[in-house]
Amino acid sequence: MSILTSPRGKVEVVHCRRTESQDIFCIKNLIRKFTQNLFGRINLIYLLEKANLAITLCNEKEEIMAHATFVDYPNWNVAKQDEWVHVFWELDKELPCTPLNTLFMHLFVAVDEFSTGCCKEIIRSVFKAVPELHFIFLIVPAYMSLGTTLITVFDQVGSIPNLTFNEDFAVHICHRHSHYPQLHVRKARVEDHDDLMPIFMQHDTILRATYGEYFLAELIEAQDEENHAVVCEVEGVAVGFMSVCSRVNMELLHECFDLGPFHGFCVPHPDDILELPQDLSFQESQDTYRRHSSLDSQQTLESQEPDTPERRESVQEKIAEEASVEEPTTRLGSVMEMEGSCPEDAKSSCFSRVSMASSLLGDTTPFRPVYKGAPSAFCIQLFCIDEKYEARSLDFMEFVFSLFPDKNFCLITLPHLTPEFVLIQNFVKVVPFNNCTLDQDLYVFHRAGLLKTIKIRLANLLDSPGVQNLVSSLKLSKRILDDLRQYYEALRDPDGTPLRAFVADVAKQVVGIAVIRDEMDIEYIRSHYNIEDFIYFSHHQRQEHAHLFHFAINPIFRHYTKFFLKEIFRLGHKSCLYYPIYPASREGKFQSSYAHSLTSALHYLVPVRPRRQIVYPLEKLGINAPSKEVSKEPLSYALYHTNRKLTLEPKITVNARIVVVGASNVGISFLETLVFCSHLKFSNLTLISTHGLPGKKLLGTEQRKFLASDQSYNDKDHALMSLCSWVNVVVGRMTAIDRAAKHVMVSHEDIVLYDHLILCTGQQYQVPCPSGADIGQHLTNRDVEEGYRKQRYTDQVPRNHFTLNDEEDCLKAQIWIRNNAITTEGNVIVYGNTLDTYTTIEMLLHLGVKGPNIHLVQPPPTSNITCINNYLVESAVEQAMQAAGVTTHLDALLAQWNDGQDPDPIHSASFTTSTKPFKLPCSVFFSFCEKNVDYETFKAFNDACLVYDGRLVIDANFHTNDIAIRAAGSLTKFSNRYYSRDWSHRNFSSKEVGFQLAAAMLCLFDPTLEPVTEPPADLDRLIPTYKAAKIQGGILPGSYHYLHISKPAIPSPLEVQMAQPDFGTEIVTGKAKKGTYFRMHINNCNIVETITCLSKEPFPTSNYIRLFGQHEQLLNNLCARFENKMIPDLYRYFTEPWCMALFHDRFIDLRKELRQILTSKKEEELPSIEELARQVVDEDINLTEKPRTYLKRVFEESIYKTLVERSILDYLHYNHYHLPMYAWPGII
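Residues numbered from 1 in each chain as written. Predicted model: local features only at pLDDT ≥ 70, side-chain atom pairs only at ≥ 80, totals over all residues. Heavy atoms only, no water.

- An unreviewed UniProt entry annotates the protein chain as Cilia and flagella associated protein 61 of Myotis myotis.

**Examining the pattern of salt bridges**
Part 1: Applying the stated rule across the entire model yields 45 salt bridges.
Part 2: One salt bridge in this structure joins Asp112 and Arg32, with 3.9 Å as the shortest N-O distance. With a gap of 80 residues between them, Asp112 in the loop between β5 (102-110) and α5 (115-129) and Arg32 in the loop between α1 (24-30) and α2 (33-39) connect regions that are remote in the sequence.
Part 3: Overall, the relative accessible area of 56% leaves Asp112 in the exposed class.
Part 4: The salt bridge involving Glu1066 is made with Arg1079; its shortest N-O contact spans 2.5 Å. (Salt bridge = Lys/Arg side-chain N within 4 Å of Asp/Glu carboxyl O. Helix = DSSP H or I, 4+ residues; strand = E, 2+ residues; numbered from the N terminus. Buried < 20%, exposed > 50% of the residue type's maximum accessible area, 1.4 Å probe, protein only.)

**Quick look at the nonpolar core**
Part 1: Formed by 93 residues in total, the largest nonpolar core has its most connected members in Met105 and Met397.
Part 2: Here this core gets seven residues from one element, more than from any other, and that element is β5.
Part 3: Residue assignment places this core across two domains, with domain 1 (2-178) and domain 2 (184-266 + 371-450) each supplying three or more.
Part 4: Look past the residues within four positions of Met105 in its chain and what remains in contact with it is Phe39, Ala68, Thr69, Phe70, Asn75, Ile123, Ile136, Phe137, Leu138, Leu150 and Phe154.
Part 5: With 71 residues, the next largest nonpolar core counts Ile454, Phe682, Leu685 and Met721 among its residues. (Core = buried A, V, L, I, M, F, W, Y, C linked by side-chain atoms within 4.5 Å. Domains from an automatic or database assignment. Contact = heavy atoms within 4.5 Å.)

**A closer look at the sheet that holds strand β3 (residues 53-59)**
Part 1: If you walk across this open sheet you meet the eight strands as β1-β2-β3-β4-β5-β6-β8-β7, and the pairing is mixed. The sheet terminates laterally at β1 (2-5) and β7 (155-161), the two strands that pair on one side only. Within this sheet the neighbouring strands show an average axis-to-axis angle of 35°, counted without direction.
Part 2: Of the strand pairs in this sheet, strand β2 (residues 11-18) and β3 are connected by five bridges, and their pairing is antiparallel. Following the sheet pairing, Val14 is matched in β3 by Asn59.
Part 3: Across the sheet, helix α4 (residues 84-91) touches β5, β6 (135-141), β7 and β8 (168-175), and the angle it forms with β7 is around 120°.
Part 4: Docked against the sheet, α5 engages β1, β2, β3, β4 (64-71), β5, β6 and β8, running at close to 45° with respect to β4. (Pairing = 2+ DSSP bridges. Axes fitted to C-alpha atoms, helices over the stretch in contact; angles between N-to-C directions.)

Structure representation (structure tokens):
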């Protein structure tokens, strides 16, 4: 916040922020004729799309006071964007402007009364936001005066000609030191104590309470050769403090962190053991931990030359040469290498990988290098700086490195929950080992990182040795070198696509490599990914989109990654970069993302959400179908993106250790929401799951037919998210929670630390406990003890007994069936009364098991509501099972396996019924009894003293009785204080529950969100309600494709629902037994509330899900047409071209826009249409005609009709690539 005062004495409190698209209208109103003469005629949207930085100044009322736009090349076409450096060097050879330290002002507008103050405030904010920036240039026609505002901050340095017409342009410059100068850094003195203590006390009082009131003075007095204290000052007043020490616990760091890429923070020594000896057999560890070191020349730093600024610069350049041969990206231990070829950045700097070495590798310990050289690191012990000068924190570094001329690394450790401040953003986060239990993160900064001589340029043939040296230790180095060779030879791919290669050059050494090619599949990307969340697509030419193929940079220069990307845009004449990550499954448990190459820039890219696609009836649409680029089968990759606007956009790093237990749909939705927050980077997300992340495609999609689906996620959805690029996966089962130590025990052995624990384990089918009744005594269900069904089975689980809870279980069952000839002989018992029993029977029939060999045994129902809850559908399914020869046994309780003998394997199963018992031979037994919380999970909750009452108890904000532990999903129930025993998370959509859980968590980490206010006392006892549909579907016996969509509700029999007076309307076409059944329930508000489909043919499930919640009139007056018998078949009705827009992912945005038009007041003399409708309902208007007729007439006679039509036409025109079947004016 700053205070501006106009010449007339008017005062405004203002603040700067990044420009947003909704600012455009207000900014246009500030443009004057003088502005156009100074900057030229400007397309404001286009300029904002191509700008590197756009700043808007607002007052307290959020009214726009001023705006400025900055780009990394000059305007007025005085120089080509990739050649301006040479032009300005010729203008003034003593002016050290480079692409790193220079920006150009392309536009400035302001409210006239405050223009001078606004200009200075924006310039100061720009220098503060971009620490590397030293010069801002302004280029105007030579005959133009700058006016009274800009002349206060810019000085003329010369003139240059225009490239297109004969006219000179004046070049004006603004220097950093005039607005936000670098800080003067010196050794601390005791006199600085009084200046510094208020800064310390503003942030923390623990130090004074622990070490006394004068701890800082004592620390300054205690300086010696190993300990130094330095301050930065402004006008003689100390505004920042740093304490550094050369004593570092190297042994602890070597035990806890992978220091290989930094040569262990040690000086190279001939006796260093960098590779596993050849006579040992740990070949995998050898491949993983292979290190390359050519750093012997670092020993020159030990010379005792005087320490001068010139020598420091030459030493830093020498170190840059040596550092260029280090590995360009940090890497993980052998555990994660086993899992596949994740993008290097995703595996290193983004995460502290926590995994179970013992679970994945047995007792194998990965090789760790041994370093014999002297330590080459010092550490920051204490750091504090005034918030006003925090952006200049890096100014400390050159001075503190001069205090330790023999040290090359500066280290700092921080607690995980510490927000990442400006200084740390220039450091590299070091990857911890899997067994690291330190509660702090380690960051490192290399001396060479101070060099400002980094230069990005097009690669040439002479760079080949440097690039080869840079990437030699990387697994995909051959592919990088092959593409680089292709660029040298042809400047394009073999298919003719233009190719560009760029190198980062420091002190004539290659420290980075990037390879891009033109993006040729941009239509597919636009139609399948929400790229327009980040760009206005129409303002980017086709050739400005590029595909990032390779990106690798030495870790000590990693803080220049954004600059590297910015230079790729400038030198390559590009505006957008895309990077895909393809899924790669491996045999066994492990999975990972796979990219065609590695990139260490992933953190600086944003994940792009995939778009929901319409399932088109292509044959019916004919020539009106979308192009093949749009309608072709999705390629299933996760997409990452950056553009010019994002190159100077900061990301907020969240290092809090968030541990999610359970890969349920709730847990996956929670992780998805966090990962796709483009302005946040969660670096410590961990998932603990029995089988890791879902979506492995273990045997195609066959095994999915065993279990019903809630349509939340499928294999393609998991591929499009690539969560394994951002989430640490721990394969195992949670067995204990230590709330005091804040860690989770996995499989009784390994510890995973957490700051926030999210429990989403859900409920699973459990092994049924036989009642033990002896059927020889002809017992019935009444003779069986009532409480036996609550007993837990504790004996060994028979090898041919299966409880199917996920795809891994389905895969095991399928393999067992095929390996044991169950398809040709042997009885299969399916025990349960859930929907999964029917889908499993259909899968068994599909696998070739004969119908007469399948027995469906249903236990007595615990409710009067069946799993399908539709008599017509149930009758069709039962008839299909009878036709297949499947035998059904009702009201049967499991009595014994193998007549009470050893149950492994099961040869027979005995059951009691309400009449007489029976016994069945058994080759394989599938159990689908009622789901419950796994016993080990329950025991972990109970031992941790979490409140458990049948299920884990939570409040309306997902909290358990431990503030650091949240829970969601079917695992939970609401506390009794809500008086809502019938409602729980299992009544709602799992995906929506996970999203709301993440939204509740984001309030803790996202500073852009408004603070959460406590609800009023009378509202804190209300449970949250969610609106998304509950969905279940699958393939039932008879090859019926089944889908049921309904609103969240307390379950009740369909007949009871239909008997309610406010039930609404039921629309049914087709017959269930013929496989043409389609039922829709329209409630009394004419909203689609329930959809049930049973069809012999596959149908577009995703399309039908979009119908839920729509008004029947949106469905082309569905009720009226049905009453007039114009809809004989709803399946055919919803394949007609008119309804394709309903299935479009942006149709909901159109509805919101139209509603906004109708609720806003567009004409002064008339109320809005919404207000008019309310007046009609409240009878405030005396009507002489029917209300509907009156409203329709007013609508057609007002401006609203034109606005609505224009909005709809704009929607169709903008989305024509998805909706070419619609006509609009001008195309006929």
